[in-house]
Amino acid sequence: MMQSDILILNVSWDELAIKYAYSVKPPVCSTNTLIVSIEIYQIGVTNAIPMGGFANAEEFESNWLNDVRKKPLLDYLQITLSLLRFEQIIDQKMLYCDRHPILKRQISNPSILHLAHLLRAEMETPKFLNQQFVSSIVTALIIHCWQQL
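Right, let's talk about the nonpolar core for a bit. Core analysis: the largest hydrophobic core is formed by 33 residues, its most contacted members being Ile18, Ile38, Leu77, Ile79, Leu81, Phe86 and Ile142. For this core, the element with the most residues is helix H4 (residues 131–147), which contributes seven residues. Ile8, Ala21, Ile35 and Tyr76 belong to the second largest nonpolar core, which has eight residues in total.

Turning our attention to the confidence of the model for the chain. For the chain, mean pLDDT is 76; residues scoring 70 or higher make up 70% of the total. When mean pLDDT is taken per element in the chain, helix H3 (residues 110–124) scores highest with 91 and strand S1 (residues 2–3) scores lowest with 44.

Positionally, Glu39 belongs in strand S4 (residues 34–41). Buried and without a salt bridge, Glu39 has Lys104 as its closest oppositely charged side chain, separated by 7.3 Å. In terms of polar contacts, Glu39 uses its side chain to reach the side chain of Ser37, at 2.6 Å.

Once that is clear, we can look at the packing of aromatic side chains. For the structure shown, the criterion picks out two aromatic pairs. Seen in terms of ring centroids, Tyr20 and Tyr22 are 6.2 Å apart; in terms of plane orientation they differ by 70 degrees. Their pairing is edge-to-face. As far as burial versus exposure is concerned, Tyr20 and Tyr22 are alike and both buried. Each ring, one from Phe86 and one from Trp146, has its centre 5.4 Å from the other, and the planes form 80 degrees; the classification is edge-to-face. Placement of Phe86 in helix H2 (residues 83–90) and of Trp146 in helix H4 is noted, with a sequence separation of 60 residues between them. Like Trp146, Phe86 is buried. The aromatic ring of Tyr22 is capped on one face by Arg120, whose charged end is 3.8 Å from the ring centroid.

About the criteria used
- Residues numbered from 1 in each chain as written.
- Predicted model: local features only at pLDDT ≥ 70, side-chain atom pairs only at ≥ 80, totals over all residues.
- Heavy atoms only, no water.
- Core = buried A, V, L, I, M, F, W, Y, C linked by side-chain atoms within 4.5 Å.
- Buried < 20%, exposed > 50% of the residue type's maximum accessible area, 1.4 Å probe, protein only.
- Helix = DSSP H or I, 4+ residues; strand = E, 2+ residues; numbered from the N terminus.
- pLDDT = per-residue confidence, 0-100.
- Lys, Arg positive; Asp, Glu negative; His and termini not counted.
- Salt bridge = Lys/Arg side-chain N within 4 Å of Asp/Glu carboxyl O.
- Polar contact = N/O pair within 3.5 Å; in protein donor to acceptor, adjacent residues only side chain to side chain.
- Phe/Tyr/Trp six-rings, centres within 6.5 Å; stacked < 30°, edge-to-face > 60°.
- Lys NZ or Arg CZ within 6 Å of the ring centre and 35° of its normal.

Given below as structure tokens:
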């Protein structure tokens with residue numbers, strides 16, 4: 001989907017949806033920063049993940065796109081997954097899940113940015129996505145963000 005000079009890549013399967021937004025024409029002075037937003041939904045609330053994630057996906061989608069438009073110098077990554085999958089990744093039980101987003105981090109760590117760029121490259125390829133590879137990258141990104149709390 002093209003909105004001005006911003007490209008948004010989408011992919012989803014099982015209990016995972018990923019959106020990656022970036023400027024098609026980054027200025028010369030652009031920063032090498034990624035904003036990661038991690039959204040969690042309850043399995044009982046919805047059976048399938050709409051590309052926005054939640055039942056009130058329109059409101060969240062609008063907020064997310066506003067962030068992207070406000071700071072087009074940055075890359076944005078939105079990961080939406082089930083509470084169960086999130087708990088498996090962080091290896092601990094969540095007592096409640098009522099914050100939207102549960103995590104939102106600005107990342108400038110070069111190693112983590114490299115992983116995010118690998119994810120973007122995988123999402124840009126016209127071939128079938130390697131779901132295990134993408135899941136591994138997403139897991140590493142979620143763990144990194146969780147450890148920064």
